[in-house]
Amino acid sequence: GATIVPIVLASDKTPVTRQSCGLEMHPMFLTTANIRSDIRMKATAHAWSCIAYMPIPQFVCHPDFCSLLQARVWHRCVDIVCENLKITAATGTSMVDPSGHLRYTFTPLVAYTADLPEQQMIACVSVRTEVALAASLKGCGDR
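All of these numbers come straight from a predicted model, not from anything done at the bench. (Residues numbered from 1 in each chain as written. Predicted model: local features only at pLDDT ≥ 70, side-chain atom pairs only at ≥ 80, totals over all residues. Heavy atoms only, no water.)

Engineer: Lay out unusual backbone geometry with the relevant residues and their values.
Structural biologist: Of note, the phi angle at His46 is positive, near 55 degrees, even though the residue is not glycine. Along the polypeptide, His46 turns up in the loop between helix H1 (37–40) and strand S5 (49–55). Looking at His46, the relative accessible area reads 65%, which means it is exposed. (Helix = DSSP H or I, 4+ residues; strand = E, 2+ residues; numbered from the N terminus. Buried < 20%, exposed > 50% of the residue type's maximum accessible area, 1.4 Å probe, protein only.)

Engineer: An account of the packing of aromatic side chains is needed here, citing residue identities and associated values.
Structural biologist: One pass over the full model with this rule turns up 2 aromatic pairs. With a centroid separation of 6.3 Å and 80 degrees between ring planes, the pair formed by Trp74 and Tyr112 is classed as edge-to-face. With Trp74 in helix H2 (residues 63–81) and Tyr112 in strand S8 (residues 109–113), the pair connects residues that are 38 residues apart, well separated along the chain. Owing to a relative accessible area of 27%, Tyr112 belongs among the partly exposed residues under this scheme. Taking 5.4 Å as the distance between ring centres and 85 degrees as the angle between the ring planes, the aromatic pair formed by Tyr104 and Phe106 counts as edge-to-face. Take Tyr104: its relative accessible area is 37%, and that puts it in the partly exposed class. (Phe/Tyr/Trp six-rings, centres within 6.5 Å; stacked < 30°, edge-to-face > 60°.)

Engineer: Please provide a residue-by-residue account of the side chain of Thr88, values included.
Structural biologist: Note that Thr88 resides in helix H3 (residues 83–91). Among the polar contacts listed, one links the side chain of Thr88 to the backbone oxygen of Asn84, at a separation of 2.9 Å. (Polar contact = N/O pair within 3.5 Å; in protein donor to acceptor, adjacent residues only side chain to side chain.)

Engineer: Residues and numbers for a nonpolar patch on the surface, please.
Structural biologist: Taken together, the side chains of Phe59, Phe65, Leu68 and Leu69 make up a nonpolar region of the molecular surface, amounting to roughly 380 Å² of accessible area. As for its placement among the helices and strands, Leu68 is situated in helix H2. (Patch = residues over 30% accessible without salt bridge, like charges linked within 9 Å, V, L, I, M, F, W, Y side chains within 5 Å. Areas by Shrake-Rupley, 256 points an atom, 1.4 Å probe, with all protein chains shown as cover. Salt bridge = Lys/Arg side-chain N within 4 Å of Asp/Glu carboxyl O.)

Engineer: Break down the environment of Gly92 for me, citing the residues and quoting the values.
Structural biologist: Relative to the helices and strands, Gly92 is located in the loop between H3 and strand S6 (93–96). On the basis of relative accessibility, which here comes to 13%, the residue Gly92 falls in the buried class. Each C-alpha atom of the pair Gly92 and Ala2 lies 8.5 Å from the other, and the pair is 90 residues apart in sequence. Among all residues touching Gly92, those that are not within four sequence positions of it are Ile87, Tyr104, Thr105 and Phe106. (Contact = heavy atoms within 4.5 Å.)

Engineer: Pulling in residues and values, what's your account of the pairing of strand S4 (residues 24–32)?
Structural biologist: Burial analysis of S4 places 7 of its 9 residues in the buried class, the great majority of the element. The sheet contact formed by strand S3 (residues 14–15) and S4 spans 2 bridges and is antiparallel. Bridged to Thr14 within S4 is Met25. One ladder, built from 6 bridges, connects S4 with S5; its direction is antiparallel. Looking at S5, one finds that Met28 is bridged to Ala52. (Pairing = 2+ DSSP bridges.)

Engineer: If you had to explain the sheet that holds strand S7 (residues 102–106) to someone new, which residues and values would you point to?
Structural biologist: Strand order in the open sheet formed by 3 strands is S1-S7-S6, with mixed pairing between adjacent strands. Looking at strand neighbours, the two that pair on one side only are strand S1 (2–4) and S6, the edges of this open sheet. If you compare each strand with its neighbour and ignore which way they point, the axes differ by 55 degrees on average. Where S1 meets S7, 3 bridges bridge the pair, whose relative direction is parallel. What sits directly across from Thr3, in S7, is Thr105. (Axes fitted to C-alpha atoms, helices over the stretch in contact; angles between N-to-C directions.)

Okay, structure coming up:
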């Protein structure tokens, strides 16, 4: 048998505060969804690990192109950081569980938490785009 370790990622654009001249970045955090949410959300539980700091480069070009280029850099960085997670989600790998037993494990990404501007960047949607959803009960399953 195989074990599934559901992965949850989160990020939020944040300023770097110490001697950075207004520099901003996207720290990316990782946790597993099989940790109870009441424990996972306590800062003292240390359930989240910072796995990367994504740069927000400044480009000398038209402002519309700057945001597109920044999003492109962010997506490429996420590809690099999550490369092993994607391979393990697709093909699996052996990992040791907390009891010390070797398990064949898959790591699918089940959730990504971000605020609205970051969600728009992840979805490659312009900030000026109106987000609308038209769904009916018929289109949502067997109900």
